[in-house]
Amino acid sequence: MSGPLPDPFAGQPDWAPLPPRPVEVVPATGRVELRGRRVLVGLPGLGWRGDLRADERVVQGSRTYVPVIPEHEWYRAEADQVEVFAPLVPVERVWVETLGDRPAPAGPVREQGIQLVSLDGPTHRVPTPVFETDAVSGRRVVHVEDAVEHRDLRAVTESYSGADGDICVRVTPELEWYRWAWRGQPPTTMEIPVHLLWIE
């Protein structure tokens, strides 16, 4: 089979779920709150690293830095109230994930094939419906129900056929996803139909 799959919600605007607001990446040098926010660090022309959280800016001498913590360590510090090491990254090398405006009902057209980006700053893809992806386990997902976005979730399974015949994915809050790693404590999960989930 070649070409994209047909949109199962085309022509059904009254019941088709709305996509979540897209993630937009902005420089940390702007006026944006940093504490607990997801950030990317890197250099234009070189690359970027994600799955990080920030603390508030620190000024040393004439330079401004951002304490940056791997996301799993940030969750552990918040949940267990422990100190963790946070390297200071120059503010001009930090970008913050923010939420953009919800796309128009027609939504952005997804191009097939290689999509080129600028190396001047990090980019983020538009939300992708889970039913259009080939793998979801471990990915950040957004559950949208009645126009309400539930974020900070991770998929813990691939798509499967649920008890009611719906195609579903089990998800868990990110805190439990990371707690599963540092304590070995299995997470509580929710079964969500794939048509209500997007890859963030």
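Residues numbered from 1 in each chain as written. Predicted model: local features only at pLDDT ≥ 70, side-chain atom pairs only at ≥ 80, totals over all residues. Heavy atoms only, no water.

**Here we look at the packing of helix H1 (residues 71–80) against helix H2 (residues 174–183)**
Going by this rule: Here an angle of 0 to 180 degrees is reported between the N-to-C directions of two axes, which are lines fitted to C-alpha atoms, with helices fitted over the stretch in contact. Helix and strand labels come from DSSP, where a helix needs a run of H or I of at least four residues and a strand needs a run of E of at least two; each type is numbered from the N terminus. Roughly parallel covers angles under 35 degrees, roughly antiparallel covers those over 145, roughly perpendicular covers 65 to 115, and oblique covers all other angles. Residue contacts are defined here by distance: any two heavy atoms, one from each residue, within 4.5 Å place the two residues in contact. Amino acids outside the nonpolar list (Ala, Val, Leu, Ile, Met, Phe, Trp, Tyr, Cys, Pro) and the charged list (Asp, Glu, Lys, Arg) are all regarded as polar, and Gly is one of them.
Where H1 meets H2, the closest approach of the two axes is 9 Å, and the angle between their N-to-C directions is 95 degrees. On the basis of their axis angle, the class for H1 and H2 is roughly perpendicular. Contact residues: H1 offers Glu71, His72, Tyr75, Arg76, Ala79 and Asp80, while H2 offers Glu174, Leu175, Tyr178, Arg179, Trp182 and Arg183. The residue makeup of the contact of H1 with H2, split by class, is five nonpolar, one polar and six charged.

**Some words on the layout of surface pockets**
Think of a ball as big as a water molecule: rolled over the atoms, this probe shows where empty space is left. Worth spelling out the cut-off: Grid points spaced at 1 Å and placed over the protein atoms alone form the basis of the search, with a cavity being a set where a 1.4 Å probe fits but cannot get out and a pocket an open set showing protein on both sides within 12 Å along at least five of seven lines. Lining residues have an atom within 4 Å of a point. Grid points are joined across faces, edges and corners, and a volume is the space filled by probe spheres set on the points.
When its volume is computed, the second largest pocket comes out at roughly 200 Å³. Along the walls of the second largest pocket sit Val23, Gly36, Arg37, Arg38, Arg53, Glu97, Thr98, Leu99, Arg140, Arg151, Asp152 and Glu200, which together make up its complete lining. Every element with two or more residues in the lining of the second largest pocket is listed here: strand S7 (94–99) and strand S10 (148–155). In terms of residue count, S7 provides more of the lining of the second largest pocket than any other element does, three residues in total.

**Considering the pairing of strand S2 (residues 38–43)**
The test is simple: Exposed residues in this analysis have more than 50% of their type's maximum accessible area, buried residues have under 20%, and partly exposed residues fall in between, with area computed by a 1.4 Å probe over protein chains only. Following DSSP output, two strands are said to pair if at least two bridges run between them.
Within S2, five of the six residues are buried, which leaves the element mostly enclosed by the surrounding structure. Bridging between S2 and strand S3 (residues 47–54) involves five bridges; their strand directions are antiparallel. In the strand pairing of S3, Leu43 is matched with Gly47. In this structure, the hairpin formed by S2 and S3 is closed by a connection of three residues, where Gly45 is found at a positive phi of approximately 85 degrees. Sheet analysis places S2 next to S7, joined by three bridges and oriented antiparallel. Paired with Val39 across the bridge in S7 is Val96.

**Quick look at H1**
Condition: Within this analysis, the arc is defined by the directions that extend from the helix axis to the C-beta atoms.
Burial in H1 covers these residues: Glu71, Trp74, Tyr75 and Ala77. Down the axis of H1, the sector holding all buried residues measures 160 degrees, keeping them to one side. Check the buried side of H1 and you find it contacts S2, S3, strand S5 (63–70), S10 and H2. Looking one or two places after H1, you find Gln81, whose phi comes out positive at around 50 degrees.

**Focus: the packing of aromatic side chains**
Threshold: Between rings of Phe, Tyr and Trp, where Trp is taken as its six-membered ring, a pair exists when centres lie within 6.5 Å; planes separated by under 30 degrees are stacked, by over 60 edge-to-face, and by other angles tilted. Here, a charge over a ring means that NZ of Lys or CZ of Arg falls within 6 Å of the ring centre while also lying within 35 degrees of the ring normal.
Enumeration over the complete set of coordinates arrives at four aromatic pairs. Centroid distance Trp74 to Tyr75: 5.0 Å. Interplanar angle 80 degrees. Geometry classified as edge-to-face. Assigned by exposure class, Trp74 and Tyr75 land together as buried. By relative accessible area, which is 8% here, Tyr75 ends up buried. Three or more aromatic residues joined by ring pairs form one cluster here, namely Trp74, Tyr75 and Tyr178. Above the ring of Trp74, the side-chain terminus of Arg53 is found at 4.6 Å from the ring centroid.

**Examining H2**
Residues Glu174, Tyr178 and Arg179 constitute the buried set of H2. Buried residues along H2 cover an arc of 130 degrees about the axis, so they all sit on one side. Buried residues along H2 sit against S2, S3, H1, strand S9 (140–145), S10 and strand S12 (167–173).

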